[in-house]
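Structural overview
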Amino acid sequence: MKKILSISLLFLASAASANPEIIAHRGGTADAPENTLPAIKLALENKADIVWITVQLSLDGVPVLYRPADLKALTNLQGKVSQYTAEELAKADASVKWKDKGLPENLLNSPIPTLKSVLSAWPDTRFFIDIKSPDADPATMSNALLNVLKETNSLNRVRVYSTEDRYMEALPAEIPRFVTRSETRTRLATISLSHECLPPSQKMDDYWYGLELNRKVEVVEKFTLGEGVSPATLTWDKEAVDCFRSQGNAHLIFIGVNSEEDYQKAKTLGAEGVLVDSPAKAKSWK
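What counts and what doesn't
- Residues numbered from 1 in each chain as written.
- Predicted model: local features only at pLDDT ≥ 70, side-chain atom pairs only at ≥ 80, totals over all residues.
- Heavy atoms only, no water.
- Helix = DSSP H or I, 4+ residues; strand = E, 2+ residues; numbered from the N terminus.
- Contact = heavy atoms within 4.5 Å.
- Polar contact = N/O pair within 3.5 Å; in protein donor to acceptor, adjacent residues only side chain to side chain.
- Phe/Tyr/Trp six-rings, centres within 6.5 Å; stacked < 30°, edge-to-face > 60°.
- Buried < 20%, exposed > 50% of the residue type's maximum accessible area, 1.4 Å probe, protein only.
- Lys, Arg positive; Asp, Glu negative; His and termini not counted.
- Salt bridge = Lys/Arg side-chain N within 4 Å of Asp/Glu carboxyl O.
- Pairing = 2+ DSSP bridges.
- Right-handed = clockwise from strand over helix to strand, strands pointing away.

- In the annotation of an unreviewed UniProt entry, the protein is listed under the name Glycerophosphodiester phosphodiesterase family protein and assigned to Enterobacter nematophilus.

1. Thoughts on the environment of Asn76
- Mapped onto the elements, Asn76 comes out in the loop between strand 3 (63–65) and helix 3 (86–89).
- Taking C-alpha positions, Asn76 is 8.6 Å from Ser95, a pair spaced 19 residues apart along the chain.
- Contact partners of Asn76, with chain neighbours within four places excluded, come to Ala92, Asp93 and Val96.
- A distance of 2.9 Å separates a polar atom in the side chain of Asn76 from the backbone nitrogen of Asp93.

2. As for the packing of aromatic side chains
- Counted according to the given criterion, the structure contains 12 aromatic pairs.
- Judged by centre distance (6.2 Å) and plane angle (90°), the rings of Trp52 and Phe128 are edge-to-face. Taken together, the positions of Trp52 in strand 2 (residues 50–57) and Phe128 in strand 4 (residues 126–131) put the pair 76 residues apart, joining distant regions of the chain. Summarising the burial analysis for this pair, Trp52 and Phe128 share the class buried.
- Their ring planes at 85° and their centres at 4.7 Å tell us that Tyr209 and Phe244 sit as a pair that is edge-to-face. Of this pair, Tyr209 sits in strand 6 (residues 207–212) while Phe244 sits in helix 8 (residues 238–246), placing them 35 residues apart in sequence. By the burial criterion, Tyr209 is buried, and Phe244 matches it.
- Linked through ring pairs, Trp52, Phe128, Tyr161, Phe178 and Trp208 together constitute an aromatic cluster.

3. Considerations on unusual backbone geometry
- Phi is positive for Lys47, which is not a glycine, with a value near 75°.
- Its location among the elements puts Lys47 in the loop between helix 2 (37–45) and strand 2.
- The class of Lys47 is exposed, set by a relative accessible area of 60%.

4. Some points on the side chain of Asp262
- Mapped onto the elements, Asp262 comes out in helix 9 (residues 260–269).
- No salt bridge is formed by the buried Asp262. Its closest oppositely charged neighbour is Lys265, at 6.0 Å.
- In this structure, Asp262 is in contact with Leu213, Gly256 and Val257, ignoring residues within four places of it in sequence.

5. Examining the pairing of strand 9 (residues 250–255)
- In terms of residue burial, strand 9 counts as a mostly covered element, since 6 of its 6 residues are buried.
- Side chains of strand 9 alternate between two faces, with Ala250, Leu252 and Phe254 and His251, Ile253 and Ile255 buried alike.
- Of the strand pairs in this sheet, strand 6 and strand 9 are connected by 6 bridges, and their pairing is parallel. Residue pairing across strands places Leu211 opposite Phe254, the latter belonging to strand 9.
- Pairing between strand 9 and strand 10 (residues 273–276): 2 bridges, direction parallel. By the bridge assignment for strand 10, Phe254 is matched with Val274.
- With respect to chirality, the unit in which strand 9 leads through helix 9 into the neighbouring parallel strand 10 is right-handed.

Have a look at this one:
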C-alpha cells in the first residue's frame, strides 16, 4: 500500500510540474485569419503542440474549417457555410477582417480549407476538432468526419469536441472524443457550489475534459415561492482537479488561457494542455 501511495504522489507531483501543452485556438485566432492554412502553419512555427480547428459541413457534405454562423463575419461571402459547396468556399477570402492590420502578404487572401486538406498537409500534427455546424444532421456530420479521418489515417492523432451534445452522441465509437461539455460543466459546478464529487456518466479508458479555466454561468436556485438567478464564476482549483483525477484517467484541457498568469495557474493545477489565442505570445510562457 505504501509503495502504491508513493507512486501516486510521484505521478501527481510530476503532473503539477510539467508544462501544459500549447493548443492553438482555431489555429491562433489572435495571430492570423483563424481556421486557415496560413494560420496553422504560423502556429506550428510558433511552437504550438496541438492545433484546435473548427469544422462545419458544406452544401455538398464536405467538412470545412469555419466557425461563425454567417460567412460575412470573417469572409467576403454571406450566408451559411451549408449554402456553398466546398469548391465555392475554397474561392472565398477568409482574411478580409485582417486587411488593415499589417499582416504579411503570405497570411492574407486565405480561403476556407477542407478538413482533408489540413490533415493531409500536416500528417504528423495533432488536432482537436470542434464541431460547430449549426444546421448539419449529426449522423451526416459524423459519417463525413469519419470518412475524412480514415482517408487521411488520422484517427490516432485527433480528438473531437463540441458544445452540442447531439454531435458528440452521434460519433461512432472509433472516433476519439472529449467528455461532453455539459457533463464537464455540471460536474465542475457541483464541486464548486456544493463540494460534491460526481462520477463520470459512463466508463471509459481515458476521460478528456475541456472547459474554460474561468467560466461565467448563471446559478438558478429553487425556492418555495419561485426561483432566483444569480451570476457565478466556475473556476478550476485543486479540489476540482483532485475530484476529476480521482474518477479515472483524466486529461484536463483549460480553455481561454491568454496570459502568463493563467498559464502558470494551469501548470500548478497539472493541466495537460491550454487553449490559447496567440501561440506567438504563449511560446515564451513555458
